[in-house]
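# Fold and geometry: a report
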Amino acid sequence: MGILQGKRILVSGVLTDASIAFSVAKLAQEEGATVVLTGFGRMSLVERIAKRLPETPPVIELDVQNNEHLDTLADRIGEHVDGLDGVVHSIAFAPQSALGGNFLNTTWEDVATAMHISTYSYKSLAVACLPLMKEGGAVVGLDFDASKAWPVYDWMGVAKAGLESCNRYLARDLAKQNIRVNLVAAGPLRTMAAKSIPGFKEFEDSWPERAPLGWDLSDTIPAAKACVALMSDWFPATTGEIVHVDGGAHAIGA
Ligand SMILES: NC(=O)c1ccc[n+]([C@@H]2O[C@H](COP(=O)([O-])OP(=O)(O)OC[C@H]3O[C@@H](n4cnc5c(N)ncnc54)[C@H](O)[C@@H]3O)[C@@H](O)[C@H]2O)c1
C-alpha cells in the first residue's frame, strides 16, 4: 500500500517531464493517489506530457491570472473526482526584466505580474479548491529559499519571500478546516522556469559544492518525494512549515 492510497490529488505546474510537478504527479500515482493535473497555456503539450505518467490523468486548464478559470475550477475538477485530499502549487513566473541583475530598474507592472503568478496564486489556488476539501487535507507549494538575497533571482526572490509568508497565513486560516499548508524549498533544478532565469548558471556551479549531501541539478525526485510525504498522513501535526530539499545547502555558511 502506498502512502497516498485512496487520496485524490490536484497537481498544477506540469509543463515538461523535467517539471518538478511531473515527478510529484508520477510519485503520487505510484503511491496510490488519483491525480488530476492543471495546465497553463500550452495545453496540447501538457496533455502530451500527461500521457507519460503511469496513468494518464485528466488535464484542466488553469491560468492563475484568470478569475473565471479560478471560479469554475472546483466544478471542473469535480467532473473527475468527488473531492480533493491534496493540492500542489508548482507555479511561478517573472518577466525577464524582473530577473538577472536588473533589480533596481524593474517596473511595478512587471513586479506585479511576478507576485500575482508566483505568490498570490498560492492563496487563489487553495481557496478555489476549498469546496472540494470538506474533509480536510494538505496544500503543498514549491519554494526557493527566500531568507537571503541571491545573485540574479531578484524579484522572484521577493515573490518567494511573499510565498513563505503566505504559507504561514494560509496555515493559520485553513487549520480550522483541517487543512495543512507547507512549502518544499528545493535547490536549483534544470526546468523551463530555471532556464528562463538569465545567469542561472551561477546557482548551478556553486550549489553542488555547497550542499553537504551534494546536489543533482537534474533530479526532481527528492523535492517530489517531500511533496508526496507532506500530503500523506505522516505529517499530521505539521503546518506553516518550510522543508528544505536542497542537499543541506541552506544550513551551511558560504
Ligand atoms: N527549478 C528550480 O530551480 C526551482 C527551485 C525551487 C523552486 N522552484 C519552484 O518550483 C515551481 C515549479 O517550477 P519548475 O522549476 O518545475 O518549472 P516549470 O517551468 O516546469 O514549471 C513552472 C510552471 O508554472 C506554470 N505557470 C506559469 N504561469 C502560469 C499561470 N499564469 N497560470 C498557471 N500556471 C502558470 C507553467 O505553465 C509551468 O507549468 C515554481 O514555483 C518554481 O519557482 C523551482
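Everything here concerns the structure above.
Here we summarise the structure given alongside this text.

Cut-off values and rules
Residues numbered from 1 in each chain as written. Predicted model: local features only at pLDDT ≥ 70, side-chain atom pairs only at ≥ 80, totals over all residues. Heavy atoms only, no water. Helix = DSSP H or I, 4+ residues; strand = E, 2+ residues; numbered from the N terminus. Rg over C-alpha atoms; globule rule 2.2 N^0.38 Å. Lys, Arg positive; Asp, Glu negative; His and termini not counted. Charge placed at Lys NZ, Arg CZ, Asp CG, Glu CD. Near = heavy atom within 4 Å. Polar contact = N/O pair within 3.5 Å; in protein donor to acceptor, adjacent residues only side chain to side chain. Areas by Shrake-Rupley, 256 points an atom, 1.4 Å probe, with all protein chains shown as cover. Nonpolar A, V, L, I, M, F, W, Y, C, P; charged D, E, K, R; others polar. Buried < 20%, exposed > 50% of the residue type's maximum accessible area, 1.4 Å probe, protein only. Core = buried A, V, L, I, M, F, W, Y, C linked by side-chain atoms within 4.5 Å. Contact = heavy atoms within 4.5 Å.

Broken down by element type, the chain carries 9 helices and 7 strands. The C-alpha radius of gyration of the chain comes to 17 Å, within 12% of the 18 Å expected for a compact globule of 254 residues. Principal-axis analysis of the C-alpha atoms places the extent of the chain at approximately 45 × 40 × 40 Å. Of the side-chain charges in the chain, 21 are positive and 30 negative, and the distance between the mean point of each set is 2 Å.

Turning to the site of the ligand, a few remarks are in order. Every one of the 27 residues lining the ligand counts as a neighbour, but Gly13, Ser19, Lys160, Leu189 and Thr191 are closest to it. Between the ligand and the protein, one listed contact pairs an oxygen atom with a side-chain N or O atom of Ser19 at 2.5 Å. Within the side chain of Lys160, a nitrogen or oxygen atom sits 2.8 Å from an oxygen atom of the ligand. Look at the ligand: alone it shows 810 Å² of surface, and the protein chains cover 94% of it. Of all the secondary-structure elements, those providing two or more residues to the shell around the ligand are strand E5 (137-143) and helix H7 (192-195). In terms of residue count, the dominant contributor to the shell around the ligand is H7 (3 residues). For the shell around the ligand, the per-class residue count stands at 19 nonpolar, 5 polar and 3 charged.

Structurally, Leu213 is set in the loop between helix H8 (201-210) and helix H9 (221-231). Residue Leu213 is classed as exposed on the basis of its relative accessible area, which comes to 76%. In the structure, Leu213 is positioned 33 residues away from Asp246 in sequence and 8.5 Å away in space, judged by C-alpha atoms.

The next thing to look at is the nonpolar core. Among the nonpolar cores identified, the biggest contains 57 residues, and Val11, Val24, Leu37, Val184, Phe203, Trp207 and Met231 are the most heavily contacted of them. Aside from chain neighbours lying at most four places away, what touches Val11 is Ala21, Val24, Ala25, Val35, Val36, Leu37, Thr38 and Val88. One finds Ala74, Ile117, Ala126 and Val181 within the second-largest nonpolar core, a separate group that totals 33 residues.

Even without a glycine there, the phi angle at Val152 is positive, about 60°. Structurally, the position occupied by Val152 is in the loop between E5 and helix H6 (154-174). We classify Val152 as buried; its relative accessible area is 11%. Of note, Asn178 is a non-glycine position whose phi angle comes to about 60°, a positive value. Overall, Asn178 belongs to the exposed group, its relative accessible area being 52%.

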